[in-house]
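Residue strings, one per chain:
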There are 2 protein chains.
Amino acid sequence: MSATLIPAYEELKRRNARLYRFEHLIAIASHDRATAMPAGGNDARAAAIAELSLLIHTESTAADLGALLSAAEAEPLSEQAQANLREMRLNHLFARAVPARLVEAKSLAGARCEHAWRTQRQANDWKGFLENFRDVLRLAREEALHLSDALGLAPYDALIERFEPGMRSAELDRVFGDLRAWLPDLIRKVHLAQAPLPDLKGHFPREAQYALSLEVMAKLGFDFDGGRLDESAHPYTGGVPEDVRLTTRYTETDFAQSLNSTIHETGHSLYEQGLPREWVDQPLGRARSMGIHESQSLFFEMQIARSEAFARWLSPLVVEHFGPRPGFDPQSLYRYSTRVAPGKIRVDADELTYPMHVILRYEIERALIAGELEAEDIPAAWDEKMQSLLGIDTRGDYRDGCLQDVHWTDGSFGYFPSYTLGAMYAAQFFAAMRQSLPDVETRIAAGDFSAINEWLKDAIWSQASRWETADLVQLASGEALNPAHFRAHLERRYLG
Amino acid sequence: MSATLIPAYEELKRRNARLYRFEHLIAIASHDRATAMPAGGNDARAAAIAELSLLIHTESTAADLGALLSAAEAEPLSEQAQANLREMRLNHLFARAVPARLVEAKSLAGARCEHAWRTQRQANDWKGFLENFRDVLRLAREEALHLSDALGLAPYDALIERFEPGMRSAELDRVFGDLRAWLPDLIRKVHLAQAPLPDLKGHFPREAQYALSLEVMAKLGFDFDGGRLDESAHPYTGGVPEDVRLTTRYTETDFAQSLNSTIHETGHSLYEQGLPREWVDQPLGRARSMGIHESQSLFFEMQIARSEAFARWLSPLVVEHFGPRPGFDPQSLYRYSTRVAPGKIRVDADELTYPMHVILRYEIERALIAGELEAEDIPAAWDEKMQSLLGIDTRGDYRDGCLQDVHWTDGSFGYFPSYTLGAMYAAQFFAAMRQSLPDVETRIAAGDFSAINEWLKDAIWSQASRWETADLVQLASGEALNPAHFRAHLERRYLG
């Protein structure tokens, strides 16, 4: 048998396609776990997913990958292939940066802490949580040092790099510092001036909410031939670009909660469905970053669905699905979706106060990784920041304070900034889109989202990971990340 | 690092456990495909499943497996471990028997033929089907020769061995020959003597059928903590023993169809849920054979659920779920479930005529593999046998004749006998069980299935693949496969 010499880049593509297929099975098994699996199936499922994840990790750290990457980098490649190779190289750096025993220790400590947290949170048991969390923090700091070495970044920046490649905490300081300077004042002003809210509580049958969700999703452009809507305890977007699985949850006393959540996940889903199909099994074909992903969900949830124009379109739809009732007129729906109410819980926060929750977490986790703060110092820091940022007293309430989020329980430090980066990117993209679609509000009010989706597909979705994040933002919007767009958007909507 | 010497048997167990976890992911992805996946996800799903299947095949044919098996066979092992090793050896024989290029060619030809069959069947297009099917048959004959060499069996026996290890066509000739001798007469007699049937058609809402299914399943002993009921085009039992997924389908004009199908799949599911958990990831822990599997579904569907006692228990339940109506009294339900009506379609056949459909297919496929019959001869053979076995004219009707089943489209020759073997095993097991539970009918009428399930769990489920099939039958029932039990059962029920 004579060996045929395959170019290194082609061999790398083949291997990535294989891993993509394995990840497909993990995505579907994970989705089934969250939406269908009975409790008794959990151990077997966890073992099955872990076995295939281990195989993926083994193949991602194969000894010959470094040489293959170097060989490919010397091959004549198209611009897109070069971008694909750049993403492969970054993935490889990540995969090799952290020793296997640390990956395993972190995964075990995270699973233990997260599992216990579910009951500890309910019990307001900070002390109990702390026992597990100390290990998680210790291992995260260790991981940050390894990543820092491998990537040549400061430790916390190296953690951010996992979710928002190219973002640095110096840049976050700049844009979050900008927000911190004017947002608290805006919140106070809007909160004080706010008229009493229409009451939208009532009984909204699950089936009617489901039907409304499907109709709104279809109108927003979701392709049901390549995805579906399910129900889970925590809404998410999963599956694969060819078969996107988004979930929502239904509160029968409050249809808006589920609808907002469905629209948010539809934004994530449209991004996944709009990724270039010819690159779907390659790193180039993946969504650019968590911040850009969040920008797409917030583009739909905040920029579009909390606009006055959207309320005009939605009003007859909710009447059709739930029957007429007071509060279903466009003006009430709009006032309801733009109400401002500082509160303890991030996921329940309105558009104005949400960034304060993120900045609080960002400042705490940055200090934790830097060693300027220890695990036991979190509650005091939390209380102090909630008071100064939102004027809220959280002392003694861990459940709805520093124990409210899942992110830190498994050591996902560096993720929180994505949410507010996403909100800022979304405002910036919307402003750029308005340049070419000056009648965008008219279109929204008519329920015609096709031109909006075409713009997004062209500027964001089809670009996938072809450009680094900063370049994508520049190309799509004509400038670098600029918090002025977010400010202008909020002032127009809440003061206008 | 010093190498620790792991006993060969332990290494084999470790590898089998790994493959079991991979098979878990394929089972769940396949179940999702049949119950949830949108059409547009099909190509990606097929590629993902194929990739992991290929990996399983590669690891199942690893070059060092033969030596490991031989080494393990020389190790001191418990009786159970020896049985586990016997199953591993058989799996290895199968995996290595057929050259990879033939496996692939067969898989491609089967997929092509099966895919085209879906529309060809509807169009009564035998000629179109034949074009693809000639390849399928040719490759199946080739496969049979390879398996024959590897297993030291006649070619058709080697195909049967995949589904019913230990069964030979000489034995099938004996037991099916027995049936052929008395069953056609019994059918004629019962059919002529049958009183007009109660009419059970009506409108039975899907939701009410679902609720009834769940209640019956729970009463029959299905553990909903380790499984669930879904809906699919063709009912099946899938998933893994720790998380069994069974499906049904609902015809709103006929609740009995769905209920029978749910009970049938519940029998399969109880077997899976009752397999010994400590061996779940090993060959020893698998269900014994397709015939034994079918014996468990038919034990519940035929032996239990078509009994007069069961109709007494079911009657108030159907009233509760659908409201009172004529035909819901126990006697009508019993007459409905034991009606006899010779027809063209196997899956719609009643308990008496079903074996004739199987014997017909058995005789044809045995002749096909032996080269005594060619693909183009099938319709004539079919027509002749339908006439002689059931007195039915099928000439020119391929759709409801030789094109009705999926089995041959992908070359699953040797499977059909399992259905009637299952019916015979079920009758034999029920007769044996009656010895220790003489009041079994009283229990069924009271909806108390616990002692029945204990007997089955002890005799069949917990034994998994510990014994070869013939030994399992002997141990469970005290004798070898004996068609007299099936005859006695049918005569008691239909002539009694």
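See above for the structure.
Caption draft 1: Highlighting the packing of helix 1 (residues 8–35) of chain B against helix 2 (residues 42–60) of chain B. Residue and element names in this part refer to chain B. Two elements in contact, helix 1 and helix 2, have axes whose closest approach is 10 Å; the angle formed by their N-to-C orientations is 160°. As the angle between them shows, helix 1 and helix 2 are arranged roughly antiparallel. Read as a crossing pair, helix 1 and helix 2 show a hand that is left-handed. Across from R18, L19, F22, E23, L25, I26, A29, S30, D32 and R33 in helix 1, the residues of helix 2 making contact are N42, R45, A46, I49, L52, S53, L55, I56, E59 and S60.

Caption draft 2: Molecular detail of the relation of the copies chain B and chain A. Rotating chain B by 180° about the axis while translating it 0.0 Å along that axis superimposes it on chain A, leaving an RMSD of 0.0 Å. The two molecules are tied by a two-fold rotation axis, judged by turn and shift. When the interface residues of chain B are mapped onto chain A, 100% of them are again interface residues, pointing to one common binding face.

Caption draft 3: Structural detail: the pattern of salt bridges. Scanning the model with the defined rule gives 89 salt bridges over all chains in all. Close ionic contact of R14(A) with E11(A) constitutes a salt bridge, the shortest N to O distance being 3.0 Å. With R14(A) and E11(A) both in helix 1 (residues 8–35), this residue pair falls three residues apart, about one helical turn. A salt bridge links E23(B) to R286(B); the nearest nitrogen and oxygen atoms lie 3.6 Å apart. Here E23(B), found in helix 1, pairs with R286(B), found in the loop between helix 10 (255–274) and helix 11 (290–304); they are 263 residues apart in sequence, far enough to count as distant. Taking the relative accessible area as the measure of exposure, E23(B) reaches 31% and is therefore partly exposed. Taken together, the salt bridges that share partners define one network made up of E11(A), R14(A), R15(A) and D64(A).

Caption draft 4: A look at the interface of chain B and chain A. Taken residue by residue, the interface counts 31 residues in chain B and 31 residues in chain A. A buried area of about 2600 Å², summed over both sides, lies between chain B and chain A, and 60% of it is on carbon and sulfur atoms. Of the charged contacts in the structure, one is a salt bridge between R18(B) and E51(A), with a shortest N-O distance of 3.2 Å. The interface formed by chain B and chain A holds 14 residue pairs in polar contact (both at pLDDT 80 or more) in total. Ranked by residue count, the leading element in the side of chain B that touches chain A is helix 1 of chain B, at nine residues.

Rules and cut-offs
Residues numbered from 1 in each chain as written. Chains lettered and ligands numbered in written order. Predicted model: local features only at pLDDT ≥ 70, side-chain atom pairs only at ≥ 80, totals over all residues. Heavy atoms only, no water. Axes fitted to C-alpha atoms, helices over the stretch in contact; angles between N-to-C directions. Helix = DSSP H or I, 4+ residues; strand = E, 2+ residues; numbered from the N terminus. Parallel < 35°, antiparallel > 145°, perpendicular 65-115°, else oblique. Left-handed = near helix turned anticlockwise from the far one by under 90°. Contact = heavy atoms within 4.5 Å. Least-squares fit on C-alpha atoms with pLDDT ≥ 70 in both. Salt bridge = Lys/Arg side-chain N within 4 Å of Asp/Glu carboxyl O. Buried < 20%, exposed > 50% of the residue type's maximum accessible area, 1.4 Å probe, protein only. Buried area = accessible area lost by both parts, 1.4 Å probe. Polar contact = N/O pair within 3.5 Å; in protein donor to acceptor, adjacent residues only side chain to side chain.

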